[in-house]
Amino acid sequence: MTDPTIDLHDVDSEHDSAYAGLQVNDSHWAFGTSFEDPLAGVDTTVPDDVDAAVLGRYAMALGDDALVLSQRISEWCSRAPDLEDDIALANVALDLLGQARLLLARAAKADPSLAPVLPEGSPVPPEDALAYFRDAHELLNVRLVEAADEDFADAVVRILLFSVWRLEVWQRLVASRDAVLAAVAAKGVKELTYHRDYAARWFVTLALGTTESRGRLEAALLRAWPLWPELWAAHPIDVAASRQGVGVDPSTVRESAEEVLDRVLATAEVARPEVPGLAAVAGRTGRDGLHTEALSRMLAEMQSVARAHPEGAW
Amino acid sequence: MVRTMKVATRSLDLARRVAARVTDPELPMLTLADLGVLREVDVVGERHVVVDITPTYTGCPAMATMRDDLVRTLGEAGFDRVEVRVVLDPPWSTDWITPQGRAALAAAGIAPPGPAPSHAGPIPLTLSPTARLVRCPCCDSTRTDLVSEFGATACKAIYRCTSCLEPFEHVKAI
Ligand SMILES: [Zn+2]
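Keep in mind the model is a prediction, meaning the values are calculated, not measured.

Participant: Even after reading the chapter, I still don't get the nonpolar core, so can you show me in this structure?
Facilitator: Note that soluble globular proteins tend to have their nonpolar side chains buried in a common cluster. Of all hydrophobic cores here, the largest spans 137 residues; its most connected members are A:Y58, A:W170, A:F203, A:W228, B:V51, B:I53 and B:L70. Of the residues that make up this core, three or more belong to each of domain 1 (2-86) and domain 2 (109-116 + 130-171) of chain B. The contact partners of A:W228, leaving out residues within four places of it in the chain, are A:L161, A:V164, A:W165, A:R254, A:E258, A:L261 and A:R272. In this structure, B:V134, B:A157, B:Y159 and B:F168 belong to the second largest nonpolar core, which totals seven residues.

Participant: What is the right way to look at the confidence of the model for chain A in this model?
Facilitator: Residue and element names in this part refer to chain A. For chain A, the mean per-residue pLDDT works out to 89, and 88% of the residues sit at or above 70. Contacts of residues 1-6 to residues separated by more than four positions or lying in other chains number twelve contacts, the stretch itself having pLDDT below 50. Under a pLDDT of 50 for its full length, residues 20-35 has, in the predicted model, 23 contacts with residues more than four places off or in other chains.

Participant: Where do I start with the interface of chain A and chain B in this structure?
Facilitator: Often, the extent of an interface is quoted as the loss of accessible area upon association of its parts. Listed as interface residues are 62 residues of chain A and, on the opposing side, 65 residues of chain B. Of the roughly 5,400 Å² buried at the junction of chain A and chain B (both faces included), carbon and sulfur atoms supply 59%. Linking chain A to chain B there are one salt bridge. The partner of B:E149 in a salt bridge is A:R201, with the nearest N and O atoms 3.6 Å apart. Among the elements that take part in the side of chain A that touches chain B, helix 5 (residues 179-207) of chain A stands out by supplying 16 residues, more than any other. Broken down by class, the residue content of the side of chain A that touches chain B amounts to 30 nonpolar, 17 polar and 15 charged.

Participant: Is there a simple way to explain the coordination of the zinc ion in this structure?
Facilitator: All names here are of chain B. Distances from the zinc ion to its protein donors, C136 (SG), C139 (SG), C161 (SG) and C164 (SG), fall at 2.3 Å. If you look at the zinc ion, its four donor atoms make angles of 104 to 114° with each other, and the shape they trace is tetrahedral. Taken in sequence order, the residues that donate to the zinc ion follow the motif C-x2-C-x21-C-x2-C. For C164, a relative accessible area of 28% gives the class partly exposed.

Participant: In this structure, what is going on with the packing of helix 4 (residues 152-173) of chain A against helix 6 (residues 211-224) of chain A? I would like to understand it.
Facilitator: Two numbers describe a pair of packed helices, the interaxial angle and the distance between the axes. Residues and elements named next belong to chain A. Where helix 4 meets helix 6, the axes come as close as 8 Å, and the angle between the chain directions of the two elements is 50°. Taken together, the axes of helix 4 and helix 6 are oblique relative to one another. The crossing of helix 4 and helix 6 is right-handed. Where helix 4 abuts helix 6, its residues A153, D154, V157 and L161 lie against R216, L217, A220, L221, R223 and A224. When its residues are assigned to classes, the contact of helix 4 with helix 6 shows seven nonpolar, no polar and three charged.

Participant: Looking at this structure, how should I read the side chain of B:K156?
Facilitator: Summarising the element assignment, B:K156 is placed in strand 6 (residues 156-161). Aside from chain neighbours lying at most four places away, what touches B:K156 is B:L27, B:I110, B:E149, B:F150, B:G151, B:E169, B:H170, B:V171 and B:K172.

Participant: Looking at this structure, how should I read the sheet that holds strand 4 (residues 110-111) of chain B?
Facilitator: Strand-to-strand pairing in sheets goes through backbone hydrogen bonds, with the strands running parallel or antiparallel. Spatially, four strands are ordered 4-7-6-5 (chain B) in an open sheet, and the strand pairing comes out mixed. This sheet does not close on itself; its edge strands, each paired only once, are strand 4 and strand 5 (144-148) of chain B.

About the thresholds
- Residue numbers restart at each chain and count upward from 1, following the sequence in its written direction.
- Whichever chain is written first becomes A and whichever ligand is written first becomes 1, with later ones labelled in order.
- Per-residue local features are limited, in this predicted model, to residues with pLDDT of at least 70; the limit for side-chain atom pairs, both in listing and counting, is 80 or more; totals at the level of whole chains, interfaces and linings are taken over all residues.
- Excluded from the side-chain calculations are hydrogens and water; all other atoms, namely the structure's heavy atoms, are used.
- Definition of nonpolar core: a set of buried residues of the types Ala, Val, Leu, Ile, Met, Phe, Trp, Tyr and Cys, connected through side-chain atoms within 4.5 Å.
- Each residue is assigned to one of three classes by its accessible area relative to the maximum for its type, calculated with a 1.4 Å probe on protein chains only: buried under 20%, partly exposed between the two thresholds, exposed over 50%.
- Delimitation of the domains relies on an automatic or database domain assignment.
- By definition in these notes, contact holds between two residues if any of their heavy atoms fall within 4.5 Å.
- Confidence of the predictor at the level of single residues is given by pLDDT, which spans 0 to 100.
- Each of two parts loses accessible area, computed with a 1.4 Å probe, when they are put together; buried area is these two losses added.
- The rule for a salt bridge is simple: a side-chain nitrogen of Lys or Arg has to be within 4 Å of a carboxyl oxygen of Asp or Glu.
- Secondary structure elements follow DSSP: runs of H or I of four or more residues count as helices, runs of E of two or more count as strands, with numbering from the N terminus.
- The nonpolar class holds Ala, Val, Leu, Ile, Met, Phe, Trp, Tyr, Cys and Pro. Asp, Glu, Lys and Arg form the charged class, and all remaining residues, Gly among them, are polar.
- Metal sites are built from N, O and S donor atoms within 2.8 Å, or 3.2 Å for Na, K and Ca, and they leave out water, so they may look incomplete.
- Under the classification used here, a metal with four donors is tetrahedral if each angle lies between 85 and 135 degrees, square planar if opposite donors are over 155 degrees apart and the others between 65 and 115, a six-donor metal meeting that same test is octahedral, and anything else is irregular.
- The axes used here are C-alpha line fits, helices contributing only the stretch in contact, and every angle between their N-to-C directions lies in the interval 0 to 180 degrees.
- Note on terminology: angles under 35 degrees are roughly parallel, angles over 145 are roughly antiparallel, angles of 65 to 115 are roughly perpendicular, and the others are oblique.
- Two helices crossing with the near one rotated counterclockwise from the far one by less than a right angle form a left-handed crossing, whereas a clockwise rotation gives a right-handed crossing.
- By this definition, two strands are paired if DSSP reports at least two bridges between them.

Next up, the structure:
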């Protein structure tokens, strides 16, 4: 038999060290021309006794939370109070976009019927089909993430509430029986810790700053507060996933999250607002596809290019 | 039989050496191996390599470039079939950056990370800036201040040296 290594080139003979060949050539920066699977090589088998539809819907809901908040935070690009925070917010948005991508890809792998059907030959991968080709009523995100920020304080308050909630849930999600969700959570926990600390520090800084900054922070907290209880509802999607051992019912972990939030409020010398939660409409909330008008407007902008070019070519 | 095994071993050695030379697109002073992103290289058939990589951060936009660079570099070495797989578990940690990698970062003016925090038990809320001993890569002073926990890429924080006044980046421990 022939020696298969005969025409393999030993590049070490061409360069003295790994770092010697750093000259940039065109191909070094050439991205692939095709879309790629973010879960390539990951074992996406659904455990035998797990209902794939339940897992898919749960992953989609978690993905939608991250997708919508990522888009809202990225709207701060070039508009944050200073360069450092512009970069910080872009980083937070990017982490959440990464979570959204993996979660939506996981959802579509578990239950392919979730992804909208695109024209024959479209190269758009399922996670992009989910992100760009669903209407507002098909998204399952909690309503906290969808409003447009009026003020930097809105961004601070929302990232704080969101990351306190998500970090609490995801610290348990690392034990999910779905290996993909468990891995995404294990990674996400590290990222969310940075997001939570960043927002909590700004919350305290604004509260203890000037009369102006404190007033604006308190106003932002009042705007977001009605959406806090919805995060902790025992929604059927989360409860079903929890029963199957793949998800976490947030109503079971609320207490420790409230303690974290109380510590931030106490340090900032800010009282818990006394405003009621935003009611369900005919029993429906964000997880049921019931959203505020702000989401449709956001999606119209976010999805316009993809919808104009569903074949991915222009 | 012995000859076939020897050939296979040579082929595997070569694939590992070649893959280990590919650099990170955003930290080009580091190889993927030194960054701890390259998890496994295996030759599974004639000129057929399987490479496992893990993302630093979930949203790492460089994964596609890493994949392309691995395919291209291994292709140039004669491996015409290269599969690059994503591994999510266990999650990447800065503890996986090799001593050579840390030295390369420091030489490029980027302060390397300290030990990664352990995530056993509830994660503590940190309301004051994280206290880390970060040495200025320019003058070696430890009188450095955190400017921002977030830098130009997901893995870096921005610091300032109060001795030499230079701003610099620090790879934050995760
Ligand atoms: Zn210095």
